[in-house]
Amino acid sequence: QVQLVESGGGLVQPGGSLRLSCAASGSSFSRRAMDWYRQAPGKQRELVATVTSGGSSNYADFVKGRFTISRDNAKNTVYLQMNSLKPEDAAVYYCHTHVASPTGSWDYWGQGTQVTVSS
């Protein structure tokens, strides 16, 4: 069982910055890839960024150069540093991880944290 708890969302002006955090419970955090997704009203949930167990990162084109995903395995926490925020970045941001074992596989999601970008 994995629990994910996001924090750090809020209201920010265009061009501003926020840092989201996702605290994960359970063991084996360091061996799992972690993702950030987002969902805006009326839109499908979309992948924003991924950090692998080895620390490599991948980004959606729409955030490249502005967002940075990182992880602290000692704290079981993954971060999303968001800079140069645009109104179109406004969404609920979700932390996600996928767990696979010989007996099955599961997707775990946090409750989400709201990011609002507005002047």
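Computed from a predicted structure; not experimentally measured.

Quick notes on the rules
Residues numbered from 1 in each chain as written. Predicted model: local features only at pLDDT ≥ 70, side-chain atom pairs only at ≥ 80, totals over all residues. Heavy atoms only, no water. Pairing = 2+ DSSP bridges. Helix = DSSP H or I, 4+ residues; strand = E, 2+ residues; numbered from the N terminus. Core = buried A, V, L, I, M, F, W, Y, C linked by side-chain atoms within 4.5 Å. Buried < 20%, exposed > 50% of the residue type's maximum accessible area, 1.4 Å probe, protein only. Contact = heavy atoms within 4.5 Å. Polar contact = N/O pair within 3.5 Å; in protein donor to acceptor, adjacent residues only side chain to side chain. Disulfide = S-S within 2.5 Å.

> Is there a simple way to explain the pairing of strand S9 (residues 91–101) in this structure?
Regular strands place side chains that alternate from one sheet face to the opposite one. In terms of strand pairing, strand S4 (residues 34–39) meets S9 through 6 bridges, oriented antiparallel. Pairing of Trp36 across the sheet is with Cys95, part of S9. Two elements, S9 and strand S11 (residues 113–117), share 3 bridges in a ladder whose sense is antiparallel. Bridge assignment links Val92 to a residue of S11, and that residue is Gln114. Pairing of S9 with strand S10 (residues 104–109) involves 6 bridges; the strand directions are antiparallel.

> Where do I start with the nonpolar core in this structure?
A general feature of soluble globular proteins is that nonpolar side chains tend to end up buried together. Core analysis: the biggest nonpolar cluster contains 29 residues, and Trp36, Leu80, Met82 and Tyr93 have the highest contact counts within it. Every element with two or more residues in this core is listed here: strand S3 (18–24), S4, strand S5 (46–51), strand S7 (67–72), strand S8 (77–82), S9 and S11. Setting aside its immediate chain neighbours within four residues, Tyr93 contacts Glu6, Leu20, Trp36, Tyr37, Arg38, Val48, Phe67, Leu80, Met82, Gly112, Thr113 and Val115.

> Just to check I follow, could you spell out unusual backbone geometry for this structure?
Most peptide bonds are trans, and most residues other than glycine sit at a negative phi. At Asn76, a position not held by glycine, the phi torsion is positive, near 50 degrees. Relative to the helices and strands, Asn76 resides in the loop between S7 and S8. Notably, Ser84 is not glycine yet its phi reads approximately 50 degrees, a positive angle. Among the secondary structure elements, Ser84 is positioned in the loop between S8 and S9. Its relative accessible area of 39% is what places Ser84 among the partly exposed residues.

> So what exactly am I meant to see when it comes to the side chain of Thr77 here?
By the secondary structure assignment, Thr77 is in strand S8. Only 2.8 Å separates the side chain of Thr77 from the backbone oxygen of Lys75, close enough to count as a polar contact. Contacts of Thr77, omitting those with residues within four sequence positions, involve Ser21, Cys22, Ala23, Phe29, Ser70, Arg71 and Asp72.

> So what exactly am I meant to see when it comes to the state of the cysteines here?
Working definition: the covalent bond between the sulfur atoms of two cysteines is a disulfide. The tally for this structure, following the rule as stated, stands at 1 disulfide. Linked covalently through their sulfurs, Cys22 and Cys95 form a disulfide whose S-S length is 2.1 Å. Its S-S torsion of approximately -85 degrees makes the covalent link between Cys22 and Cys95 left-handed. With Cys22 in strand S3 and Cys95 in strand S9, the pair connects residues that are 73 residues apart, well separated along the chain. Classification of Cys22 by relative accessible area gives buried; the value is 0%. Under the relative-accessibility criterion, Cys95 is labelled buried at 0%.

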